[in-house]
Every structure is written in structure tokens, then in C-alpha cells.
Amino acid sequence: MAKRRILLCAGSGCVSSGAWKVKEELLRKLDERGLTEKFEVVASGCHGFCEQGPLLIIYPKETLYCRVEPDDVSEIVEEHLIGDRVVERLFYKDPETGERIADHAKINFYAKQERIVLKNCGVIDPESIAEYVDRGGYDGLRKAVSMDRVAVIEAVKQSGLRGRGGAGFPTGLKWDFTYKADSEKKYIVCNADEGDPGAFMDRSVLEGDPHAVLEGMLVAGYAVGADEGYIYVRAEYPLAVKRLRIAIEQAEEQGYLGSDIFDSGFSFHVSVKEGAGAFVCGEETALLASIMGKRGMPSPRPPFPATSGLWGKPTCLNNVETFANVPFILREGWEKYAAIGTEGSKGTKIFALTGKVNNTGLVEVPMGNTIRKVVYEIGGGVKDDREFKAVQIGGPSGGCIPNSLIDTPIDYDSLVEAGAMMGSGGMVVVDDETCMVDLARYFLEFVQSESCGKCPPCRVGTRKMLECLKRICDGEGEADDIDWLINVGESIKSYSLCGLGQTAPNPALTTIRYFRDEYEAHIKDRTCPAGACQALIDYVIVAEKCKGCGLCIKACPVEAISGEKKTVHTIDYDLCIKCGACMEVCKLDAVIRGKPAAQKEEAA
Amino acid sequence: MKESAKKVKAILAKYPDSGRDALIPILQDIQDELGYLPTSAIMQVGAHLALPSSKIYGVATFYNQFRFQPKGRNHITICRGTACHVKGSGKLLENAVATLKIKPGQTSRDKLFSLETVACMGACGLAPVITVNDEFNAKASPAKLNRLARCCKDEITQERENS
Ligand SMILES: Cc1cc2nc3c(=O)[nH]c(=O)nc-3n(C[C@H](O)[C@H](O)[C@H](O)COP(=O)(O)O)c2cc1C
Ligand code: FES
């Protein structure tokens, strides 16, 4: 008899909330009750609903249990597996209706998505090639190698697939360039550097469905005439690297990788290269330099990698998600793919929905859906019912889209028009407690430290912009700072060597465009409307509310708070580092953020 | 030969007749094994790949991953990705710097703590995220971080008393 399946999400999100401990306990409990023959525990890739993790799904009814702790395991085994009675208290609770929902297909977060690329993620065991093949895996490759190379490229062109790595370059066209480049030796490179901090789509695909990426690379290799491929993975993704290595090994054993694949005469080999933590290495020319063991510095294009890439040979480089789209196009036909999405942007896009939103996790929707749909219908709205202020799309190269543009359709062109860009797919929701000047400063700090230093506009310009933003956040901005930022930002965009510099000013420029009043408040009134800029606030103990319980004294890491038990406590502002630990632990809301003590004295 | 030099030699043996493209993987293996890149190891790599040490440092310092000081007994990393930033990781970092009295990339003089920032751990749904000795802590807060640091310290004091 087939074993009943218990699926445990083992994506990075669930692992960090304790999935392995749940698995351990589950195995122990099954063993204790003598059930190991009847049930199998399968660790899947990311199921997408990270906020609710660790997730457990019990087949055949696919009952979803959320936030499972090791202590809950015993009850699940006794009640559900043995007694056939569901454990309702671990069901997902709809935040609006309060209803407990057992079937994950009925939860808005999943129901409103359309999962093509994520079809297998969180459903199959990513370490088993058999499960991938069972669900149509490698059919696309089989079909491709029976076709003429040009026909494969034509199908990808017709599908309308555009690169998911950021810029949205038509994939078929890129393949065509590489195909036409005259050389015996060509390479395929998969960009799995996922540099956008705050995005984890590529990671999830690699961890949850590594064979889909391999299959996409194989099809590309066949089409352009390459026999060797590299996958460049971020150093921070050890689990993705491990799963990829297993996938490659299995594909080699089964003959999907290696020599004479499907007796077609086509041969292909893949190796994994681990990155070493440099954002600029996501840029294609820098990435190729890094694979060759050099400093990851971008070089001017042309020549494009399609004509001269790795070791001077034609190289076709695509993003993880781009490759993961390819099997569907081949298997189901480009017509079906092209029917999804909008005129200029076909197919679906995966987003990593994070920040101040109720349902954080992985979201795949057809191109052209609005931001509102993603944030409200799928994301369940802003956390704690606060006000939706903006969504940051596209990471350090992207921009902020404000509340007034929440009905913007998500496609390459509309986003650019709004001052952002698709980027890789990070989508960070911010509410009224996030300071937009501080957010701009944050991104500038990031690009400034990641700037490789080769070209002066980016190296010097971003530093100057950062200094200016820091001043504004510290309440020392000057009246003409805003115009200065715009001017300098535009020049950096025009004169930088690579995409890093060309887009680095975007977060500052779009926040100025949509939230100029916040900049002005910092400069003119020396206040931070969001209460986030450290220099412009102090933590204050409200005497009327403080009962002198001493919790804050214990929490303070620098012993800045003092006071006898049951008397109002006081903060020594010379010692205070404004970490906010006191506010966090206070059960009486007696600690609040207020105007700085020094400023108040001045006013008095 | 010193213990660490032997380990480096064993790693280099896995890359016979290698060219420059093996440099980063070799440095990664050494860091995995020793926890950082000591000068002596860089010299050994240089001899193996016929590259001047300056070139190797040029590459190694370019990438955030490489460390030139040994890790502390408790290695804390704080995510500074966007999702974590929006959820307050900046404060977490300031708090850690103030309490541990070390800056990111440093190891405390008593070798008990080292601190590092990373750009994103890919667990953004559970921001802010920190790790203590590679173990993830989701939804971290200054108070939680302080507690963790205190636990580490207590454990060490206890050990000292016992021995
Ligand atoms: C600074 C910078 C960082 C980038 N980071 C990434 C990245 O992390 N992942 C990625 O796929 N593409 C990244 N890109 C885009 C790549 O250069 C390249 O356009 C892309 O990988 C091509 O694949 P695609 O056509 O499938 O999108 C980055 C570009 C720049 C300028
Ligand atoms: S932003 Fe911190 S884990 Fe991604």
C-alpha cells in the first residue's frame, strides 16, 4: 500500500521558524506509535505562505496546518492521523471573517494566485527527480530536442517571454543572438545571484523545483548550440546549492544531462558556482568575471555576452525564473503561454511579498494584475490595519509606488512609467510608520557600499547623495538639498557604466517625486512624520502610565533606565542608544516615541 | 607543519592544475574549514595558483563573504535586507553594536562574539531575521537579541566556573 503523505514545508522561511524541529518530533512520534510504514514525511521546497510557517499538509485531503510547533505534533498524530479528527485550532484563520479554513485552495492567499512556475514548489520533494518527471518534468526538453533549433527559438519568441532578472529583455531574441554567434563553443549561464535584498523568488524556485531550472537551461543549450552551463548561486543560499547539486546528479544518472540526451546527439553539462557576496555580481558582465575568478567588476557593453562572454565565447545568460518558465512554453505550447498576461508582458511573475502586510510570502500572478489585488486580496491588507503608504518594487534599482497609484497594473512598462521597475520581484509594503527619507537613505547606503568603484559617477555620486540623505535624516538638511538630490541623481543615471549606477538614484528620486512633503518636514520642521528617524525622536516614559514594574530596566542593554520598584522610571538620554527595547517590552504602553528631549528643552 | 597549513594543503590537493577560476572556490573551502582566511593560507594559495598575494587579496576583499579575522565563539549575523530594514533591523544592528561593543565584521577582544551583516537571508517573510551560530531567529527584536546575547554570556560564565 502506498504510504500516506505528510508534506512539511522546508523552505528557508519555515526552516527559520523551526520546521526541522517539527520534522524531528514528527518522525519520533510516528515511530513511537508504529506508524512509519503507513506515513511518509516529505520535506518540500517553499510552499509560499512563509508568514504562517512552519506549514504541514496532510494528504489525501491536503489539510493545511499553520504555525505548527513541536508541541503540536503529538495532537496532530493522535487526532488526525490515528483518530481521523482534524485539529481545528491549527487551521488558517481568515483575518477578516475569523473563519478557520482547512483546505489551502480556499484560502485567498492561494486561491487568487495563478501558479505556473511555482506549480511544483511546495508540492513535490525537490530531492526526487521521479516526482518531477511524474508531473510532466522533462517533457518540454524531450519535445525541444525533437524540433529544429530555430523552431525552438521561434516558440520562445512567440511566447513573448521577457527576462525576469530585471530589465525584461525578450528571451527569444537573446537566444537568437547567441544562436547566430559563430563559434564552436558556447555557454549557458543561469543568474541565481538574486541580489535584491528582500527578495527570495529565485531561492524558492531553486529550493523547491530545481529540475525546472535545469530543464530550462537544457532547452536553451539545445537551441543556441551550447554544451556547457553554469549556475551562479548566491553564497547565502546553501540549501539551494545543495538541492541543485542533488538535482544535477540525479539528472545525470537518468540521462537528462550528459552526452547524447534522448538519443538526439545533443550533450550538455552543468556545474554550480557559488557567489561570494557582492551585489554587483548580479550584473551579467560582472557575474561572468566572477565565474572566471576575478573581481566582479562590470565591463562596458558591447560586446554583449551573447557574442563574447565566458572566456570570450558566446554566452547566453538568463535569470532563474526566466529558465523556469521555459518548460511550460515547450510542454504546453507557446500559444497557451502567450494567452496569459498583457500585450507587452506575457505570462506570470513571482513576487516576494514582504514588509508590513498580513500575508507575507511567495505570490505568482499573471502580468497585468494590479498592486491593489496583490496587496489586499492576496496579501490580506496592511498589518494591524494601518495605512498603506507605498510599495517598494524592484529593490535598490526600483522605486516606491504610492497609495494614489495602487491600481497600477504590474507589467514591465507600467512600472517604469510610475518610476519603478519590475526588478527581480521584491515587493515590500510600507505603512505610515516607515519613513520614506530613511528608506531612500537605506537603499543609497546599500548601493554605495556595493558600488564596485570602477566608474566615478557611481562611486562618488552615490556617496554624495548618501551624505546628503543622512544629513536630512539627522535633521540637518538644507532648503536646496532636495533639488540638489534630483540634479545629482539624474546625472548619475546618465553617466554610470553599468546598471547599478544607472538605477541607483531611483529609490531617492521616486520618494522625492511622491513624498516630497516628508523630505520637507525633515528639512523645514526638523521632524520625522513617521517617527522613524532616530535623531529626530526620543523614547519617553509617560509618567501617568508607568507603574514601575522594572521590565524596561531589565530589557535595556545599556542600563540607561533607572527607578525604584513601583515608582515612575526615567531614561538617561546620555546613555540611551534608542534601540526601543523598552517600548517593546512595556505592557502598559507607557513608553512612546516623542520629540527629542534636547529639542524640548530648547523650546522651553 | 601547522595544523591549519595542513588543512589548506589538503584543500589545495583537490584542485590540481587549476587556473584562476578555481580561486574563489578554494578561498571558500578554506574559509569553511578555518572560519576565516589567515595570511599564511593566502600565501599557500598564491604558491599553488602562481598568483601574487596582492591579486588574491584584491579578489578576496572585493567580496563580502570573506573574513580576515577568526569568528567569535558566538557568531551573530543580522540581515540588512529591505524587508528586514522596514521591520526595524537597523535598530537591531545599533543595539548589537552598543551591547557587544563591536562593529560588523569584527570579533570582540575576548573572542566571545563576532558580528556580521548580510544583505538578505531569503527568509524575508519572517523579518527581521538574525542568526546566532547559523541558527535562524525569525521576527527578532532588540529585546530578543539582548536575551540571546545574555544567554551566550551566561553559558560561558558557567563553563568557566565549572572548570
Ligand atoms: C547591479 C545589477 C544587479 C543585478 N542583479 C541581478 C540578479 O540578482 N539576478 C538577476 O537575474 N539579474 C540581475 N541583474 C540583471 C542581469 O544583468 C541580467 O540582465 C539578467 O540576469 C539577464 O537575465 P534575463 O534576461 O533572464 O532577465 C542585475 C543587473 C544589475 C545592473
Ligand atoms: S530582507 Fe532579511 S531575510 Fe530578506
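Since the structure is predicted, the reported quantities are computational estimates derived from the model, not experimental observations.

### Remarks on the interface of chain B and chain A
Counting residues at the interface gives 43 residues for chain B and 65 residues for chain A. Counting the surface lost from both chain B and chain A, the interface buries some 4000 Å², and carbon and sulfur atoms represent 57% of this. Per-residue buried area on chain B facing chain A is highest for Phe62(B), Thr82(B) and Lys91(B); these three make up 16% of the total on that side. At the boundary of chain B and chain A, one finds two salt bridges. The partner of Lys21(A) in a salt bridge is Glu135(B), with the nearest N and O atoms 3.9 Å apart. When its residues are assigned to classes, the side of chain B that touches chain A shows 20 nonpolar, 13 polar and 10 charged.

### Examining the pairing of strand 9 (residues 258-261) of chain A
A regular strand places its side chains so that they alternate between the two faces of the sheet. Residues and elements named next belong to chain A. Bridge count for strand 9 against strand 10 (residues 266-274) is two bridges, and the pairing is antiparallel. Bridge pairing links Ile261 to Phe266 in strand 10. Connecting strand 9 to the antiparallel partner strand 10 that follows it, the hairpin turn spans four residues, and Phe262 within it adopts a positive phi of roughly 50 degrees.

### Here we look at the domain arrangement of chain A
The domain boundaries assigned to chain A delineate domain 1 (4-106), domain 2 (129-338), domain 3 (348-431), domain 4 (436-525) and domain 5 (537-603). Here domain 2 of chain A and domain 5 of chain A have C-alpha centroids that lie 54 Å from each other.

### A word on the site of ligand 1
Residues and elements named next belong to chain A. Taken together, 18 residues lie around ligand 1, and Gly165, Lys174, Gly195, Asn319 and Thr322 are the ones closest in. A distance of 3.3 Å is found between an oxygen atom of ligand 1 and a backbone nitrogen or oxygen belonging to Arg164. One of the side-chain nitrogen or oxygen atoms of Lys174 is found 2.9 Å away from an oxygen atom of ligand 1. Coverage of ligand 1 by the protein chains reaches 90% of its 610 Å² of free accessible surface. Among the cavities detected, the one that contains ligand 1 is the second largest pocket. Of all the secondary structure elements, the ones that give two or more residues to the shell around ligand 1 are strand 11 (315-319) and helix 20 (499-503). Top element by residues in the shell around ligand 1 is strand 11. It accounts for three residues.

### A few points about the packing of helix 17 (residues 436-450) of chain A against helix 21 (residues 506-525) of chain A
All names here are of chain A. Orientation of helix 17 relative to helix 21, taken along the N-to-C sense of each, is 135 degrees, at an axis distance of 8 Å. With respect to each other, helix 17 and helix 21 are oriented oblique. Judged by the sense of rotation from one axis to the other, the crossing of helix 17 with helix 21 is left-handed. Between helix 17 and helix 21, the residues in contact are Met436, Val437, Ala440, Phe443 and Leu444 and Pro507, Ala508, Thr511, Phe515, Glu518, Tyr519 and His522, respectively. Within the contact of helix 17 with helix 21, the residues separate by chemical class into nine nonpolar, two polar and one charged.

### So, unusual backbone geometry
Residue and element names in this part refer to chain A. Backbone torsion omega between Gly53 and Pro54 reads -10 degrees, so that peptide bond is classified as cis. Residue Tyr59 is joined to Pro60 through a cis peptide bond whose omega torsion reads 5 degrees. Positionally, Pro60 belongs in the loop between strand 3 (56-58) and strand 4 (63-65). Even without glycine at this site, Arg67 takes up a positive phi of about 45 degrees. Secondary-structure assignment places Arg67 in the loop between strand 4 and helix 3 (70-82). One non-glycine residue, Asp385, lies in positive phi territory at about 55 degrees.

### What to know about empty space enclosed by the protein
Residue and element names in this part refer to chain A. Enumeration over the complete set of coordinates arrives at six cavities of 30 Å³ or more. Roughly 120 Å³ of volume is contained in the largest cavity. Taken together, 14 residues form the lining of the largest cavity, with Ile116, Asp209, Ala212, Pro327 and Arg331 sitting closest to its centre. Sort the elements by how many residues they give to the lining of the largest cavity and helix 13 (residues 320-332) lands first, with four residues. Considering only residue class, the lining of the largest cavity consists of seven nonpolar, three polar and four charged. Roughly 100 Å³ of volume is contained in the second largest cavity. What lines the second largest cavity is a set of 14 residues, among which Cys556, Ile561, Cys576, Cys579 and Cys582 lie closest to the centre.

The rules behind the values
- Residues numbered from 1 in each chain as written.
- Chains lettered and ligands numbered in written order.
- Predicted model: local features only at pLDDT ≥ 70, side-chain atom pairs only at ≥ 80, totals over all residues.
- Heavy atoms only, no water.
- Contact = heavy atoms within 4.5 Å.
- Buried area = accessible area lost by both parts, 1.4 Å probe.
- Salt bridge = Lys/Arg side-chain N within 4 Å of Asp/Glu carboxyl O.
- Nonpolar A, V, L, I, M, F, W, Y, C, P; charged D, E, K, R; others polar.
- Pairing = 2+ DSSP bridges.
- Helix = DSSP H or I, 4+ residues; strand = E, 2+ residues; numbered from the N terminus.
- Domains from an automatic or database assignment.
- Near = heavy atom within 4 Å.
- Polar contact = N/O pair within 3.5 Å; in protein donor to acceptor, adjacent residues only side chain to side chain.
- Areas by Shrake-Rupley, 256 points an atom, 1.4 Å probe, with all protein chains shown as cover.
- 1 Å grid on protein atoms, 1.4 Å probe; cavity = no way out; pocket = protein on both sides within 12 Å on 5 of 7 lines; lining within 4 Å.
- Sits in = over half its atoms within 2 Å of the grid points.
- Axes fitted to C-alpha atoms, helices over the stretch in contact; angles between N-to-C directions.
- Parallel < 35°, antiparallel > 145°, perpendicular 65-115°, else oblique.
- Left-handed = near helix turned anticlockwise from the far one by under 90°.
- Points joined across faces, edges and corners; volume = space filled by probe spheres on them.

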